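For reference, the chains in residue letters:
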Amino acid sequence: MDCQGNFNLKSFETCEQSEAENREKIIVIRNFPNIPTGYTPNPEEADGIVHILAGVAQAGTDVLAVTDDAYFGLFYDDNALKESIFTKLIGRDPRLLALKLDGATKENFAWGLRVGFVTYGATFINDSKGAYEALEKKTAGAVRGSISNASHLSQELVLRSLQSENYAAEKEEKFQILEGRAREVSRVLADSKYQQAWEAYPFNSGYFMCLKLKTVEAERLRVHLLEKYGVGLISLGKTDLRVAFSCIDQENVRELFDTVLQGVKDLKG
Ligand SMILES: Cc1ncc(COP(=O)(O)O)c(C=O)c1O
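The structure presented is a predicted model; accordingly, all values stated were derived computationally and were not measured.

About the thresholds
Residues numbered from 1 in each chain as written. Predicted model: local features only at pLDDT ≥ 70, side-chain atom pairs only at ≥ 80, totals over all residues. Heavy atoms only, no water. Near = heavy atom within 4 Å. Polar contact = N/O pair within 3.5 Å; in protein donor to acceptor, adjacent residues only side chain to side chain. Areas by Shrake-Rupley, 256 points an atom, 1.4 Å probe, with all protein chains shown as cover. Pairing = 2+ DSSP bridges. Helix = DSSP H or I, 4+ residues; strand = E, 2+ residues; numbered from the N terminus. Axes fitted to C-alpha atoms, helices over the stretch in contact; angles between N-to-C directions. Contact = heavy atoms within 4.5 Å. Core = buried A, V, L, I, M, F, W, Y, C linked by side-chain atoms within 4.5 Å. Buried < 20%, exposed > 50% of the residue type's maximum accessible area, 1.4 Å probe, protein only.

Take the site of the ligand next. Around the ligand, the surrounding shell consists of N31, I35, D68, A70, Y71, T105, K106 and R114. In this structure, a nitrogen atom belonging to the ligand sits 2.5 Å away from a side-chain N or O atom of D68. Contact distances for the ligand include 2.7 Å between an oxygen atom and a side-chain N or O atom of R114. If the ligand stood free it would expose 390 Å²; the protein chains cover 64% of that surface.

A few words now on the sheet that holds strand β1 (residues 25-31). Reading across the sheet, the four strands line up as β1-β2-β3-β4 and stay open at both edges, with mixed pairing between neighbours. The open sheet has two edge strands, β1 and β4 (116-121), and neither has a second partner. Pairs of neighbouring strands in the sheet enclose a mean axial angle of 15 degrees, with direction left out of account. Examined bridge by bridge, β1 and strand β2 (residues 62-68) share seven bridges and lie parallel to one another. Note that in β2 the partner of V28 across the bridge is A65. Lying over the sheet, helix α2 (residues 43-58) contacts β1, β2 and β3 (96-103), oriented at roughly 155 degrees with respect to β2.

Take the nonpolar core next. In terms of nonpolar packing, the biggest core is built from 38 residues, with W198, M209, L211, L221 and F257 touching the most fellow members. At the level of elements, α7 (167-189), β6 (209-213), α8 (218-229), β8 (240-243) and α9 (253-268) are the ones that each hand at least two residues to this core. For this core, the leading source of residues is α9, giving seven residues. The residues touching F257, leaving out its near neighbours within four places in the chain, are V185, V188, L189, Y194, W198, M209, L211 and V243. If you look at the next biggest cluster of nonpolar residues, it comprises 23 residues, including V28, I85, F86 and L89.

Strands sit in the order β5-β6-β8-β7 across an open sheet of four strands; the sheet is antiparallel. Lying at the two open borders of the sheet, with one neighbouring strand each, are β5 (198-200) and β7 (234-236). Neighbour-to-neighbour, the strand axes of this sheet turn through a mean angle of 30 degrees, independent of strand direction. In terms of strand pairing, β5 meets β6 through three bridges, oriented antiparallel. By the bridge assignment for β6, A200 is matched with L211.

Here it is as structure tokens:
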């Protein structure tokens, strides 16, 4: 992110161009809604990302652009891009192959079923049918050669749930719960008393958000919160603490952040 809390297109471009310089192929993974920050770019930022990747491809480097859409659909503000960036990557350049990965786990609240999807989006100069068939066979071979087979029972359960007439309503009900929690997090964090201890990375989607701590080390705080208050968070690097608001009841959100603040004070005191 840049200083204004927007996706840092300039850094992304510099990074991609320098990686492409001495390589024939680069692989880029984009994960929106992002984990750990919970950020999804707005449409202009997404266009910028696509433009940069297409530019690298047009300059002669093969680009495999993987989009990890594990939390797709869980968007909590109007600005977040509401379609996968995958669709924008298709048809840009024959050297740019888009690969969309998603699954039932997060967006369909079906933990443990282990059902995922792989979708290719390529631009072909000549024979698209033959090339797609080859990709399909390669993918089937990779599945066979690694996990052997996905669980048919899980696939059948997911298929039937997708076909159920209650599907949309049940999904919407769960979405509302998560949206309520995400909005409560934003509301609580607007309290200026937290400013001395952290700033929140921009978030507008997904299951998680992330705090950037200002005064104490993240792993130390994580251990302290767990041992003293029974609060389990994830530390990342020196400053970042990931909060899974997806699993906190809305009425407990304030207490959680107050406890984290108390933990910071304990360590500083
Ligand atoms: C960004 C992201 N992608 C993919 C996955 C994997 O999803 P699944 O649990 O369906 O294997 C996860 C799971 O935590 C995730 O957070």
